[in-house]
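Close look at the chain arrangement
Given next are the chains, with one letter for each unit.
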2 protein chains.
Amino acid sequence: MGGDHGPAVTVCGAALLLDEHPAVFFQLHGDEVRINAELAKLPKLKARSVVIHTDQCVAMDEKPAQAIRRRNTSLSNAIHAVKSGEARAVISAGNTGALMALSKMILKMMTDDLERPAIGCSWPNKTGFGTVLDVGANVTSDARQLIEFALMGAAFHRAVHGVKKPSIGLLNVGSEDVKGHEEVREAHKLLRENTLGLNYYGFVEGTDLCAGTVDVTVTDGFTGNVALKTAEGTARFIKDLLKDAFKSGPMAMLGAVLAGSALKAMAKRIDPGASNGGPLLGLKGIVIKSHGGADARAFSNAIRVGLSLAASGYERDIVDSLAQFSQSLTVEASLAAGLKETSAAIAAGDKVN
Amino acid sequence: MGGDHGPAVTVCGAALLLDEHPAVFFQLHGDEVRINAELAKLPKLKARSVVIHTDQCVAMDEKPAQAIRRRNTSLSNAIHAVKSGEARAVISAGNTGALMALSKMILKMMTDDLERPAIGCSWPNKTGFGTVLDVGANVTSDARQLIEFALMGAAFHRAVHGVKKPSIGLLNVGSEDVKGHEEVREAHKLLRENTLGLNYYGFVEGTDLCAGTVDVTVTDGFTGNVALKTAEGTARFIKDLLKDAFKSGPMAMLGAVLAGSALKAMAKRIDPGASNGGPLLGLKGIVIKSHGGADARAFSNAIRVGLSLAASGYERDIVDSLAQFSQSLTVEASLAAGLKETSAAIAAGDKVN
């Protein structure tokens, strides 16, 4: 029950979701006085929720290392509810670092090879929505991790955006094979040789994100985070300029009134709230991060992402594809080990002579 | 005389620049028939230019390795003119990779420590323009390179955007000291300890680029290139949505007509042409890259950037600050070497006993 606005937004977001999906049941973790005050206004939601009280909560600026040492916080309780199977998904607008650290500690990663969750996001583009990952969890990523992101991103996009065989692009600074740093070139080579059942498109660039060239764009968490925040900042800048333009004189103001409904429809297409709900991928359980500043409508979108994942075969999908990938690596590793043994034997032979 | 549109745009761009700066003199390198055809329409420019003919030109998709082996291309001739001192700056809308490779080969880097030029760009923001670098030359950058970018970016911003002591930010995924990968954290530490005369602000994020939080934003060429292209793609996406919105019905169309002049003024603020002209920093000579698809007005902006640099003390400025930085590293290195000798002496003493 975190985020910048607390229960006023999160409880209200749950009510909005319930209007569309009346079969959902909610556990609301946090301060029962504040939560019940909201529920009192929402009898339909009240009938379909249970409040799990705690007066402990993780602050927005709390260090993850500190958060994981505390017991009975609303955040850790909510994640434990997923671990125990009482809930199918946890949705939080709270502290991202703490959410990630606690989720990893409580739920564990899907496989031992995965180091930490990748954060995905839905990116508005010309054709609807793309999926971009990682947007912040891993500041560096080797080729293996980039391929894991591709597999997890494809499973997420299939589950939430309904594309059966989503196309995958690797974010780079050009489209030729020689472009980019070692990690991205290595991942590109591996994906070209063995697509692991993926619909691999090749390299894409920053301009392709909004153009919707591919369904899923894969990158390391540093580049992905900078790209996401740059796009958000650019959109906000243009929106502000547009507002100023429409206020610049009586003719412009009249123009804005006349074009009002068309402009509103357009603003909806790029509303960050409409794409709210970033999954933490690779965990044994569904964890969704909402923007801290989300309003009730945006928070309900984040819940809907959790619901879509819960209703799909997404976890099985990821486990299977990661296992397939891991197996392909084992084959390569034993081939490589075989070659090594051969050369070792030759070297030993040399010594005898 | 390259770019997507050839002499029609570049010659015309030179004429536009001449209207504002009548004392400039031009060398126009390329096919004299095509260039003279344009000059025939522009008598004022014709009187202030000389055409250096060649029928060799570097293709837009030519590999840099191939381009540097060819002689007498319009691109290499133009760079040689800067080398010989006949011209103060070269401006090209052609092949970026070839421009960089040829410039490095012909002009050489300002100091032996610099590996390759960094590409800077002017970034429209709330306060006017910021400078961002590197936007594509170096796919990885260590801490030392990031600091070199900071020094060169500050010199460029001072010369072109007239800010005496520009503020510098390091692009990262958060503002705390622990955020980001090793290279960015190390550069941050060094800049905090010894600002080398820079007005160092600290870490900035993607949202800060358009917000104009700092004057100069420093990043590696991979992240910078992705950020730049993501911003361009986002701006284009919103522009297209806006166009569609204004065409969506008679009321919206009327609104667009009424708000027309205000919208045009706004579009000018984010027009990529207004910020056209990316310097290749760190070379012994002024080299400016124009967008390949620039129109005449945008190309004239790229020439103006070259002119501002030529009229400023920018080269001296960079050489001095790089020397100061190099000296500070030498001091650190000899301190470190001193420590090493001490420990070596102790180890030798151990052996004797």
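Predicted, not measured: the structure shown is a model, and the values here were computed from it.

**A word on the overall build of chain A**
Across its full length, chain A carries 14 helices and ten strands. If you line up chain A on its principal axes, its C-alpha atoms span 90 × 55 × 35 Å. For chain A, the residues scored as buried account for 52% of the 353 residues in total. Contacts in chain A between residues far apart in sequence, at least 24 positions, make up 67% of those at least 6 positions apart. Considering chain A, the positive charge centre built from 38 side chains and the negative charge centre built from 37 side chains are found 6 Å apart.

**Here we look at the sheet that holds strand 5 (residues 128–133) of chain B**
Residues and elements named next belong to chain B. The strand order across the open sheet formed by eight strands is 3-10-9-4-5-8-6-7, and the pairing between neighbours is mixed. Two strands bound the open sheet, and with one partner strand each, they are strand 3 (89–92) and strand 7 (199–204). Each neighbouring strand pair of the sheet contributes to a mean axis angle of 25°, computed without reference to strand direction. Bridge analysis of strand 6 (residues 167–171) against strand 7 gives five bridges, and the strand direction is parallel. Note that in strand 7 the partner of Ser-167 across the bridge is Asn-199.

**Overview of the interface of chain B and chain A**
Every contact between the two is made by 51 residues of chain B and, on the other side, 51 residues of chain A. Taken together, the two surfaces of chain B and chain A that pack against each other cover about 4,400 Å², and 80% of this comes from carbon and sulfur. Broken down residue by residue, the surface that chain B buries against chain A is led by Phe-222, Phe-237 and Leu-258 of chain B, which jointly contribute 15%. Run the count over chain B and chain A and you get four salt bridges. Where Lys-229 of chain B meets Glu-205 of chain A, a salt bridge forms, and the shortest distance between an N and an O atom there is 2.3 Å. The tally of links between chain B and chain A comes to eight residue pairs in polar contact (both at pLDDT 80 or more).

**Some words on the relation of the copies chain B and chain A**
The relation between the two chain copies is a rotation about an axis coupled with a shift along that axis. With an RMSD of 0.0 Å, the operation that places chain B on chain A is a rotation of 180° combined with a shift of 0.0 Å along the axis. Overall, the copies show the geometry of a two-fold rotation axis. Looking at the rotation axis and the C-alpha trace of chain B, the residue lying nearest is Gly-255 of chain B, at 1.8 Å. Mapped onto chain A, 100% of the interface residues of chain B again fall at the interface, so both copies present the same surface.

**Points about a positive patch on the surface**
Residue and element names in this part refer to chain A. Where like charges cluster on the molecular surface, the positive patch consists of Arg-236, Lys-239, Lys-243 and Lys-247. Relative to the assigned elements, Lys-239 resides in helix 10 (residues 221–246). Residue class for Lys-239 comes out exposed when judged on its relative accessible area of 51%.

**Regarding unusual backbone geometry**
Residue and element names in this part refer to chain A. Of the consecutive residues Leu-133 and Asp-134, the connecting peptide bond is found in the cis state with omega at 0°. The topology assignment puts Asp-134 in the loop between strand 5 (128–133) and helix 7 (143–161). The backbone of Lys-108 shows a phi angle near 70°, a positive value even though the residue is not glycine. Position of Lys-108 relative to the elements: it lies in the loop between helix 6 (96–107) and strand 4 (118–125). Of the residues examined, Lys-108 reaches a relative accessible area of 43% and is grouped as partly exposed.

**Here's the deal with the side chain of Asp-134 of chain B**
Residues and elements named next belong to chain B. Arg-116 provides the closest opposite charge to the buried, unpaired Asp-134, separated from it by 7.3 Å. Only 3.1 Å separates the side chain of Asp-134 from the backbone nitrogen of Gly-136, close enough to count as a polar contact. Reaching out from Asp-134, the side chain makes a polar contact with the backbone nitrogen of Ala-137 at a distance of 3.0 Å. If sequence neighbours within four positions are ignored, Asp-134 has contacts with Ala-118, Ile-119, Phe-149, Thr-219, Asp-220, Gly-221, Gly-224 and Asn-225.

**So, the packing of helix 10 of chain A against helix 12 (residues 260–269) of chain B**
Running from N to C, helix 10 of chain A and helix 12 of chain B cross one another at 150°; their axes reach a closest spacing of 9 Å. The pairing of helix 10 of chain A with helix 12 of chain B is recorded here as roughly antiparallel in orientation. Crossing handedness for the pair helix 10 of chain A and helix 12 of chain B: right-handed. Residue-level contacts link Phe-237, Ile-238, Leu-241, Leu-242, Ala-245 and Phe-246 of chain A of helix 10 of chain A to Ala-262, Leu-263, Met-266 and Arg-269 of chain B of helix 12 of chain B. For the contact of helix 10 of chain A with helix 12 of chain B, the class distribution of residues is nine nonpolar, no polar and one charged.

**Observations regarding the pairing of strand 6 (residues 167–171) of chain A**
Residue and element names in this part refer to chain A. Counting buried residues along strand 6, five of its five residues qualify, which places the element largely inside the surrounding structure. Across the two faces of strand 6 the burial is the same, with Ser-167, Gly-169 and Leu-171 and Ile-168 and Leu-170 all buried. Between strand 6 and its parallel partner strand 7 (residues 199–204), the chain crosses via helix 8 (residues 182–193), and the hand of that crossover is right-handed.

**A look at a negative patch on the surface**
Residues and elements named next belong to chain A. On the surface, Glu-115, Asp-142, Glu-182, Glu-183 and Glu-186 cluster together to form a negatively charged patch. Turning to its location among the elements, Glu-186 is positioned in helix 8. According to the relative accessible area criterion, Glu-186 is partly exposed, its value standing at 36%.

**Here we look at the packing of helix 10 of chain A against helix 10 (residues 221–246) of chain B**
Contact pair helix 10 of chain A / helix 10 of chain B: the axes reach a minimum separation of 8 Å and the direction vectors enclose 40°. In this structure, the crossing between helix 10 of chain A and helix 10 of chain B has a hand that is right-handed. Residues Phe-222, Thr-223, Val-226, Ala-227, Thr-230, Ala-231, Thr-234, Ala-235, Ile-238, Leu-242 and Phe-246 of chain A of helix 10 of chain A form the contact with helix 10 of chain B, whose own contacting residues are Phe-222, Thr-223, Val-226, Ala-227, Thr-230, Ala-231, Thr-234, Ala-235, Ile-238, Leu-242 and Phe-246 of chain B. Residues of the contact of helix 10 of chain A with helix 10 of chain B, tallied by class, amount to 16 nonpolar, six polar and no charged.

**Looking at helix 11 (residues 250–258) of chain A**
Note that an α-helix has 3.6 residues per turn; residues three or four places apart therefore point the same way. Turning to helix 11 of chain A, its buried residues number three or more, namely Ala-252, Gly-255, Ala-256 and Leu-258 of chain A. The buried residues of helix 11 of chain A occupy an angular sector of 160° when projected down its axis, which confines them to one face. Opposite the packed face of helix 11 of chain A, turned more than 90 degrees from it, sit the exposed residues Pro-250 and Val-257 of chain A. Of the surrounding elements, those touching the buried residues of helix 11 of chain A are helix 10 and helix 12 (260–269) of chain A together with helix 11 (250–258) and helix 12 of chain B.

**Examining the nonpolar core**
Counting residues in each nonpolar core, the largest one holds 172 residues, and the members touching the most others are Leu-170 and Val-218 of chain A together with Leu-170 and Val-218 of chain B. Dropping the residues within four chain positions of it, Val-218 of chain A is found in contact with Leu-133, Leu-146, Phe-149, Ala-150, Ile-168, Gly-169, Leu-170 and Leu-171 of chain A. Of all hydrophobic cores here, the second largest spans 16 residues; its members include Ile-35, Leu-39, Ala-93 and Phe-299 of chain A.

Parameters at a glance
Residues numbered from 1 in each chain as written. Chains lettered and ligands numbered in written order. Predicted model: local features only at pLDDT ≥ 70, side-chain atom pairs only at ≥ 80, totals over all residues. Heavy atoms only, no water. Helix = DSSP H or I, 4+ residues; strand = E, 2+ residues; numbered from the N terminus. Buried < 20%, exposed > 50% of the residue type's maximum accessible area, 1.4 Å probe, protein only. Contact = heavy atoms within 4.5 Å. Lys, Arg positive; Asp, Glu negative; His and termini not counted. Charge placed at Lys NZ, Arg CZ, Asp CG, Glu CD. Pairing = 2+ DSSP bridges. Axes fitted to C-alpha atoms, helices over the stretch in contact; angles between N-to-C directions. Buried area = accessible area lost by both parts, 1.4 Å probe. Salt bridge = Lys/Arg side-chain N within 4 Å of Asp/Glu carboxyl O. Polar contact = N/O pair within 3.5 Å; in protein donor to acceptor, adjacent residues only side chain to side chain. Least-squares fit on C-alpha atoms with pLDDT ≥ 70 in both. Patch = residues over 30% accessible without salt bridge, like charges linked within 9 Å, V, L, I, M, F, W, Y side chains within 5 Å. Areas by Shrake-Rupley, 256 points an atom, 1.4 Å probe, with all protein chains shown as cover. Parallel < 35°, antiparallel > 145°, perpendicular 65-115°, else oblique. Left-handed = near helix turned anticlockwise from the far one by under 90°. Nonpolar A, V, L, I, M, F, W, Y, C, P; charged D, E, K, R; others polar. Right-handed = clockwise from strand over helix to strand, strands pointing away. Arc of directions from axis to C-beta. Core = buried A, V, L, I, M, F, W, Y, C linked by side-chain atoms within 4.5 Å.

Just distances and angles here, no functional claims.
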